[in-house]
Amino acid sequence: MDEHNEILAALVGQPNSGKSTVFNYLTGLHQTVANYPGVTVVKKSGHYHDGKRHIEVVDLPGTYSLTSYSQEERVTRDFLLLERPEVVVIVIDASNLRRHLYFVFQLLELQIPLVICLNMMDIAHRRGFSIDIAELEKVLGVPVIPANGRTGEGLEELRRQINIISAKHDHESPVTWKVNYGALEPLIEEFDKILSQKEPLVQDFPTRWLAVKLLENDREARRIIQHHTHDKDWEPLLESCVKKVEDYEKQSGDSPRKTIASSRNTLAETIEKQTVQRTFVPHRNSDTLDLILCHPFLGLISVAAVMFITFQLAFNLADGWTWFPWINEAGVFEWNTPLGVVDSIFSIWIPALLDSCFHLPEGDLHSLIYDGVIAGIGGVLTFVPTIFFIFLFISILEQSGYIARVVVVLDRLMRFFGLHGQSILPMILGGGIVGGCALPAVMATRSMREQRERILTIMVVPLMNCGAKVPVFALLISAFFLEYQGLILAAIILISWTIALIVASVLGKLFIGGEPSPLVIELPTYQVPGLRDMLFTAGLQSWWFVKKAGTIILAVNVFLWVLMYYPRPADPNTDAATQLANSYAAQMGRVFEPASQYAGFDWRDNVALIGGFAAKEVIVSTMATMYGIETENENDEEDNENSTNETEIENDINGIGSVDKPEEENILKEPVDVQGKGLTMELEEIKTDNLDIQGKRLAIRLRAEAGWTPLKAFVFILFVMIYNPCLATCAVIWRETGHIKYMLMTMAYTNGLAFLVAVMVYQLALFLTGHL
């Protein structure tokens, strides 16, 4: 970087120190998110300007130390050592000074230009702590800025200190500062003297820091020495160090690692006593609250209640309650849902605007723009209200301190299946209680620190029952299990959780590898969430989704449009059902029919499932098209004994379009005689809010269809529950993991497992009933 105008600053800190809040304040909306090369750790960076100076701030992963045990620790340390930022800001919790000083000492040993942001000063004051800032600066030898990230207090002073330190162009802290490690000092000095003779090491790394790391048996330190020592004496050097460490352990009866940790803790305690006074000890209501929220039984009840309320609020605000002011297509003011507004913009207003401006004739270009591009963009943006409100409430739960309690309560159960306590929130958001969304659920795994558990959670989240699957379930339950709706819905929830946990256990043992990491978590203080930070987090997550996943979704949506639109029929007056029956998608459906017939699916079902690859919402509408209007080709192939009644049903469905409320009520009360089977149902019998009139007509049609039985309906539900996540989720899995292989693995196992389960259940049922 240009040493005058381009400044690189790094932000480090332990989890729950308020680091992200400080980062958001410094950079605002000027943020980008990616993954560090070769790992799944999220890389977040932003920038701000101070006159002509451009300051890039990198928010490094939250970590408790600079050892090399976790990916976060390695990423943080490598960035500090290799990128050499002009200034490093460590954000620490003022109410837990002693614990955070342990991390400060390690940064000071790296001899990097350091600023301490003493965050959460308001909490420290409420707990009765009074901190002598001047004395703390004197003891540590670096600037200490008291701050409150939630209110922004002190953060302008932090910016000023960043500018002052970066302007010095001094990449080293005072060399004289060091921790006294007592009995280890002779060994440290000996190692330091040896390493100081290696010129490449001296240029890039503090040799005393390397000496301490060798005593800690740090693998990365050994690798650094091997890589930077060009002659061939690095092996004897390391062997000599190992032997001296072993001799020390025999003589002292203790390991150097414990001695080093003890020395740092002792120094932190001494500095705390020297700089912190406690004027009073307040009564902590949080302790009483934790007795309930972290209780093995009461904690589970509280988790279920809080998640249910959060889930209901988020999805009702996005697409349940009509609270958003809007002008409909008739120019009349109305209250609508945010998702309804987005859908209205892309399904009504934008097409109407294009029609008035360009008057495109019906044809390939018209369909590409309207059905491919506009529908694709609309399909992307309809996720935004849901993502916004989900992350708004996640932010509330995180900032309040409750998420950490959820992790503690559920960790033991999730660990049994190779997952982590933090896995539960993404799985619930993905549809653990039916009706979530896998896309924000995958994004919510960013809070998980360990790669193994994060990857496993991402790969099983699509097995949950997202809101897009609910119309399919509602359709088939209404058609075949009307008297057992509650029982079937409970079975769907239980089956999806059972499959997800078994799959997590199998994937963890066969493909991901490793053991579940131990739960190391701090229970943060309960706080009132800051409105600014909550809205900022929700808005930023929504923007990242549009920016990252949107382009991929749009491209594939256009590809799927091509499959369903081509080849074009010679007769321009061909109806939609006939055209779709001869499309490339239908041809693909027929290709899969020899295999899918073992699960009871014909080519029409396959076409609907192919459409579900883009979005599960497409399944019901595609089935309505395929079953609502029989093509001439299909009539020639199948038995014609019910052709008259099929025509009646066809006329019924074609007669239902856009209807007002009185007409809708009349239609619902009309009895429908289907296919001459003597089966008469009223549409009002199908009581579900998840189906429109066309969906209810389709439910009746499927119930009368010769190939549809309760068995096939149940198998279809199982298949939809398990098979390929929607296009948007696939794109986010790729982006969040940083590897396409995890997306491909998820697609492969979900489709394979769905087909295997469907065939096994269908064939076993046929065998048991004697119909095989």
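Going by the structure above, here's the rest.
Structure report, in brief. Because the structure is predicted, anything quoted here is derived from the model rather than measured.

Helix and strand counts for the protein chain stand at 35 helices and 13 strands. Relative to all contacts within the protein chain whose residues are 6 or more apart in sequence, the contacts with residues 24 or more apart total 72%. For the protein chain, the accessible surface area stands at approximately 34,700 Å², while carbon and sulfur atoms represent 59% of it.

Turning to the pairing of strand E11 (residues 333-336), a few remarks are in order. Where strand E10 (residues 324-327) lies against E11, four bridges are found, and the strand directions are antiparallel. Among the inter-strand pairings, Trp326 is bridged to a residue of E11, identified as Glu334.

This part is about the packing of helix H22 (residues 470-480) against helix H33 (residues 710-722). Where H22 contacts H33, the axes come no closer than 10 Å and their chain directions differ by 170 degrees. What the angle tells us is that H22 and H33 run roughly antiparallel. Here Val472, Phe473, Leu476, Ile477 and Phe480 of H22 come into contact with H33, specifically with Pro710, Ala713, Phe716, Ile717, Val720 and Met721. The class makeup of the residues in the contact of H22 with H33 is eleven nonpolar, no polar and no charged.

So, about the environment of Leu531. Considering the arrangement of structural elements, one finds Leu531 in helix H24 (residues 531-565). Each C-alpha atom, one on Leu531 and one on Arg150, is 9.0 Å from the other, the two residues being 381 residues apart in sequence.

Turning our attention to the environment of Asp132. For Asp132, the position within the fold is in the loop between strand E7 (129-131) and helix H5 (133-140). With relative accessibility at 39%, the residue Asp132 sits in the partly exposed group. A polar side-chain atom of Asp132 sits 3.4 Å from the main-chain amide nitrogen of Ala134.

Bringing the pattern of salt bridges into the picture now. This model, assessed by the stated rule, comprises 21 salt bridges. A salt bridge links Asp59 to Lys44; its shortest N-O distance comes to 3.9 Å. A residue pair is termed long-range when its members are at least 10 positions apart, and Asp59 in strand E4 (residues 53-59) and Lys44 in strand E3 (residues 42-50) qualify at 15 residues. Like Lys44, Asp59 is buried. Of the charged contacts, one joins Glu185 and Arg208 as a salt bridge, the two residues approaching to 3.0 Å between their closest N and O atoms. Of this pair, Glu185 sits in helix H7 (residues 185-196) while Arg208 sits in helix H9 (residues 207-215), and the two are 23 residues apart along the sequence. The network of salt bridges with shared partners includes Glu109, Lys213, Glu216 and Arg264.

Our focus in this paragraph is the packing of aromatic side chains. In total, this model carries eleven aromatic pairs according to the counting rule given. When the centroid spacing of 6.1 Å and the interplanar angle of 80 degrees are considered together, the rings of Trp323 and Phe389 count as edge-to-face. In this pair, Trp323 is assigned in the loop between helix H14 (298-319) and E10 and Phe389 in helix H17 (residues 384-400), connecting sequence segments 66 residues apart. By relative accessible area, which is 34% here, Trp323 ends up partly exposed. Seen from their ring centres, Phe416 and Phe417 are 5.1 Å apart, and the 85 degrees between their planes marks the pair as edge-to-face. A connected cluster of aromatic rings, assembled from ring pairs, spans Phe480, Phe601, Phe613, Trp708, Phe716, Phe719 and Tyr723.

Attention now goes to helix H12 (residues 256-275). The terminal C-alpha atoms of H12, which comprises 20 residues, lie 29 Å apart, in line with the 28 Å expected from a rise of 1.5 Å per residue. Of all the positions in H12, only Pro256, Thr259, Ile260, Ser263, Arg264, Ala268, Ile271, Glu272 and Thr275 are classed as buried.

On the surface, a nonpolar cluster with roughly 500 Å² of combined accessible area is contributed by Leu291, Ile292, Phe297, Leu298 and Ile301. Every element with two or more residues in the nonpolar patch is listed here: helix H13 (285-293) and H14. Note on placement: Phe297 falls in the loop between H13 and H14. Overall, the relative accessible area of 54% leaves Phe297 in the exposed class.

A few words now on the nonpolar core. Core analysis: the biggest nonpolar cluster contains 98 residues, and Met427, Leu476, Ile619, Met623 and Phe716 have the highest contact counts within it. Among the nonpolar cores identified, the runner-up in size contains 62 residues, and Leu81, Ile92, Ala94 and Ile112 belong to it.

Right, let's talk about the pairing of strand E5 (residues 87-93) for a bit. With seven of seven residues buried, E5 lies mostly within the body of the structure. Residues Val87, Val89, Val91 and Asp93 point to one face of E5 and Val88, Ile90 and Ile92 to the other, with burial holding for every one of them. Strand direction decides the pairing type here: strand E1 (residues 6-13) and E5, joined by five bridges, are parallel. Bridging from a neighbouring strand, Gly13 pairs with Val91 of E5. Where E5 meets strand E6 (residues 114-119), six bridges bridge the pair, whose relative direction is parallel. Among the inter-strand pairings, Val91 is bridged to a residue of E6, identified as Cys117. Following the chain from E5 across helix H3 (residues 97-109) to the adjacent parallel E6, one finds a crossover that is right-handed.

Within H22, ten of the eleven residues are buried, which leaves the element mostly enclosed by the surrounding structure. Three or more residues of H22 are buried, namely Val470, Val472, Phe473, Ala474, Leu475, Leu476, Ile477, Ser478, Ala479 and Phe480.

What follows concerns the state of the cysteines. Counting across every chain of the model gives zero disulfides. With no disulfide partner, Cys730 has as its closest neighbouring cysteine sulfur the one in Cys726, 6.9 Å distant. In this structure Cys730 comes out as buried when scored by relative accessible area, which is 5%.

Here we come to the side chain of Thr275. Within the secondary structure layout, Thr275 lies in helix H12. In this structure the side chain of Thr275 is engaged in a polar contact, spanning 2.8 Å, whose partner is the backbone oxygen of Ile271. Sequence-distant contacts of Thr275, that is, excluding residues within four places in its chain, are made with Leu97, Ser130, Ile131, Asp132, Glu135 and Leu136.

Our focus in this paragraph is unusual backbone geometry. A negative phi holds for most residues other than glycine; trans holds for most peptide bonds. A positive phi angle, close to 65 degrees, is found at Asn16, a residue other than glycine. Residue placement: Asn16 occurs in the loop between E1 and helix H1 (19-27). Positive phi values are uncommon outside glycine, yet Arg84 reaches one of about 50 degrees. Assignment of secondary structure puts Arg84 in the loop between helix H2 (71-83) and E5. Accessibility expressed as a relative area gives 24% for Arg84, which makes it partly exposed.

So, how was this worked out
Residues numbered from 1 in each chain as written. Predicted model: local features only at pLDDT ≥ 70, side-chain atom pairs only at ≥ 80, totals over all residues. Heavy atoms only, no water. Helix = DSSP H or I, 4+ residues; strand = E, 2+ residues; numbered from the N terminus. Contact = heavy atoms within 4.5 Å. Areas by Shrake-Rupley, 256 points an atom, 1.4 Å probe, with all protein chains shown as cover. Pairing = 2+ DSSP bridges. Axes fitted to C-alpha atoms, helices over the stretch in contact; angles between N-to-C directions. Parallel < 35°, antiparallel > 145°, perpendicular 65-115°, else oblique. Nonpolar A, V, L, I, M, F, W, Y, C, P; charged D, E, K, R; others polar. Buried < 20%, exposed > 50% of the residue type's maximum accessible area, 1.4 Å probe, protein only. Polar contact = N/O pair within 3.5 Å; in protein donor to acceptor, adjacent residues only side chain to side chain. Salt bridge = Lys/Arg side-chain N within 4 Å of Asp/Glu carboxyl O. Phe/Tyr/Trp six-rings, centres within 6.5 Å; stacked < 30°, edge-to-face > 60°. Expected span 1.5 Å × (residues − 1). Patch = residues over 30% accessible without salt bridge, like charges linked within 9 Å, V, L, I, M, F, W, Y side chains within 5 Å. Core = buried A, V, L, I, M, F, W, Y, C linked by side-chain atoms within 4.5 Å. Right-handed = clockwise from strand over helix to strand, strands pointing away. Disulfide = S-S within 2.5 Å.

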